[in-house]
Amino acid sequence: MDDDGLHARLKAYEGRPAAVAGTGRDPVNAPMIRHWCEAMGDGNPAYTGPDAIAPPTMLQAWIMGGLGGLGGHGGRAPAYEELLAVLDEAGCTAVVATDCEQEYVRPLRPGDEVAFDTVIESVSERKTTKLGTGHFVTTRTDVRVGPELVGTHRFRILKYAPARRRAAPPERRPRPVVNRDNAGFWEGVREHRLLLQRCASCAALRFPWLPGCQSCGCPEWDTVEASGEGTVFSYVVLHHPPFPAFEPPYAVVLVELAEGVRIVSDVVGMPYDKVRIGMPVRLEFRRYDDELTLPVFREVTA
Ligand code: ZN
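Summarised in this report is the structure supplied together with it. Throughout, residues of each chain are indexed from 1 in the direction in which the sequence is written. Local features in this predicted model are restricted to residues whose pLDDT is 70 or higher, and side-chain atom pairs enter the listing and the counts only when it is 80 or higher, whereas totals over whole chains, interfaces and linings include all residues. The basis for every side-chain value is the complete set of non-hydrogen atoms in the structure, without hydrogens or water.

1. Structural notes on the environment of Gly146
Note that Gly146 resides in the loop between strand E6 (132–145) and strand E7 (148–162). Residue Gly146 is classed as exposed on the basis of its relative accessible area of 51%. In this structure, the C-alpha to C-alpha distance between Gly146 and Phe116, residues 30 residues apart in sequence, is 10.0 Å. Helix numbers and strand numbers start at the N terminus; a helix is a DSSP run of H or I with at least 4 residues, a strand a run of E with at least 2. Only protein chains enter the accessibility calculation, which uses a 1.4 Å probe. A residue is then buried if its area is under 20% of the maximum for its type, exposed if over 50%, and partly exposed in between.

Written as structure tokens, this is what we have:
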């Protein structure tokens, strides 16, 4: 089948159900909320006490089937299985989850019993990615309590034909993922400044960059330039698995800056087995290639 023919066949699945009349395995409940908050390190008081709500990002947790699947609680509809089979036949046998988007309509509370339906929202035209060529499939799950919509969960996968392995290209260090939450950090790095975020409300410093303050939740912030002094707080030596552009064994260090926050980095100019906890280090910027400069550290010798 040619590309257009395949895409037309795939498009025909848009709007068809991917899961029908699913129900959560458990009602929204305090123990799952507590475990989630512990795992996330989230101490927000809104999630405890008699008026607790569930963390909004738990939306998917209430509709997952767990290891046993949803069983008698509804689940995958035939149309979705068929769509995946069409893609398999077309050679797109590999799958990777790419991203998810959620919208919250109203908070969930312990005792809420969720139900959901999932629709195949879109199937992209043929796209070529580093992994291979294939189609993005987006599903949208509407989560309800009774008749009331409480949130939506969009989930996107790429079904693709794995790219043939070619002779290894020259290996470069991985590129940082720059987004609106951390762009200012990377602008600072370009100017050889290590910028920390400082909360506009409580003045707590934070690193790595985050949209809000971990101490008080305030979303307003400014920046402070780190002095560059620090000590090795901890480190690991990597032997395995190997990553492109990194020659094992090597040390990955956690440096505690004089300002009190910590950064994962590299101690340069020293064999991996000479790195020690407590070692005083100083910041420098190392240029790895035309596009990549990173903050690294070097031992301060008396
Ligand atoms: Zn704060």
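Read on, since the account is not over.
2. Details of the packing of aromatic side chains
For Phe, Tyr and Trp, where Trp contributes only its six-membered ring, two rings pair if their centres lie within 6.5 Å, and the inter-plane angle classes them as stacked under 30 degrees, edge-to-face over 60, or tilted in between. One pass over the structure, following the stated rule, counts five aromatic pairs. Ring centres 4.9 Å apart and planes at 75° place the aromatic pair Phe185 and Trp186 in the edge-to-face group. No difference in accessibility class separates Phe185 from Trp186, as the two residues are buried. Centroid distance Phe185 to Phe207: 5.3 Å. Interplanar angle 65°. Geometry classified as edge-to-face. A residue pair is termed long-range when its members are at least 10 positions apart, and Phe185 in helix H4 (residues 183–190) and Phe207 in the loop between strand E9 (205–206) and strand E10 (221–225) qualify at 22 residues. Residue Phe207 is classed as buried on the basis of its relative accessible area, which comes to 16%. Each residue in the set Phe185, Trp186, Phe207, Trp209 and Trp221 is aromatic and connected to the rest through ring pairs, giving one cluster. Here the guanidinium or amino end of Arg262 rests over the ring plane of Phe233, the centre of that ring lying 3.5 Å away. By the criterion adopted, a ring carries a charge over it if an Arg CZ or a Lys NZ lies within 6 Å of its centre and within 35 degrees of its normal.

3. What about the sheet that holds E9?
The strand order E9-E8-E10 describes an open sheet built from three strands, whose pairing is antiparallel. Lying at the two open borders of the sheet, with one neighbouring strand each, are E9 and E10. In short, DSSP must find at least two bridges between two strands for them to pair. Pairing geometry for strand E8 (residues 195–199) and E9, over two bridges, is antiparallel. Of the residues in E9, the one forming a bridge with Gln197 is Arg206.

4. Focus: the coordination of the zinc ion
Coordination sphere of the zinc ion, protein contribution only: Cys199 (SG), Cys202 (SG), Cys213 (SG) and Cys216 (SG), at 2.3 Å. Of note is the zinc ion, whose four donor atoms meet at the metal with angles of 101 to 118° in an arrangement that counts as tetrahedral. Metal coordination here is assigned from N, O and S atoms located within 2.8 Å of the ion, or within 3.2 Å for Na, K and Ca; omission of water means that sites may look incomplete. Written as a sequence motif, the donor arrangement for the zinc ion is C-x2-C-x10-C-x2-C. On the basis of relative accessible area, Cys216 is assigned to the partly exposed category, the value being 39%. All geometry calls rest on donor angles, where a four-donor set with angles between 85 and 135 degrees is tetrahedral, four- and six-donor sets with opposite donors more than 155 degrees apart and all others between 65 and 115 are square planar and octahedral, and all else is irregular.

5. Some points on the sheet that holds strand E13 (residues 262–265)
Pairing is mixed across the open sheet formed by six strands, whose spatial order is E13-E12-E11-E15-E16-E14. The outermost strands of the open sheet, each flanked by one partner alone, are E13 and strand E14 (267–268). Alignment of strand E15 (residues 280–287) against strand E16 (residues 293–299), held across seven bridges, turns out to be antiparallel. What sits directly across from Arg282, in E16, is Arg298. Helix-sheet contacts for H4 involve E15 and E16, and the interaxial angle to E16 is about 65°. Residue contacts follow a heavy-atom distance rule, with two residues in contact if any of their heavy atoms lie within 4.5 Å. Orientation is described by axes fitted as lines to C-alpha atoms, over the contacting stretch for helices, and by angles from 0 to 180 degrees between their N-to-C directions.

6. Describing helix H2 (residues 30–40)
We call two N or O atoms a polar contact when they sit within 3.5 Å, provided that within protein one can donate a hydrogen and the other can accept it, with sequence-adjacent residues counted only if both atoms are side-chain atoms. One side-chain oxygen of the residue at the start of H2 lies 2.9 Å from the amide nitrogen of Met32, identifying that residue as Asn29. At the exit of H2 stands Gly41, carrying a positive phi of roughly 65°.

Nothing here speaks to function; it is geometry throughout.
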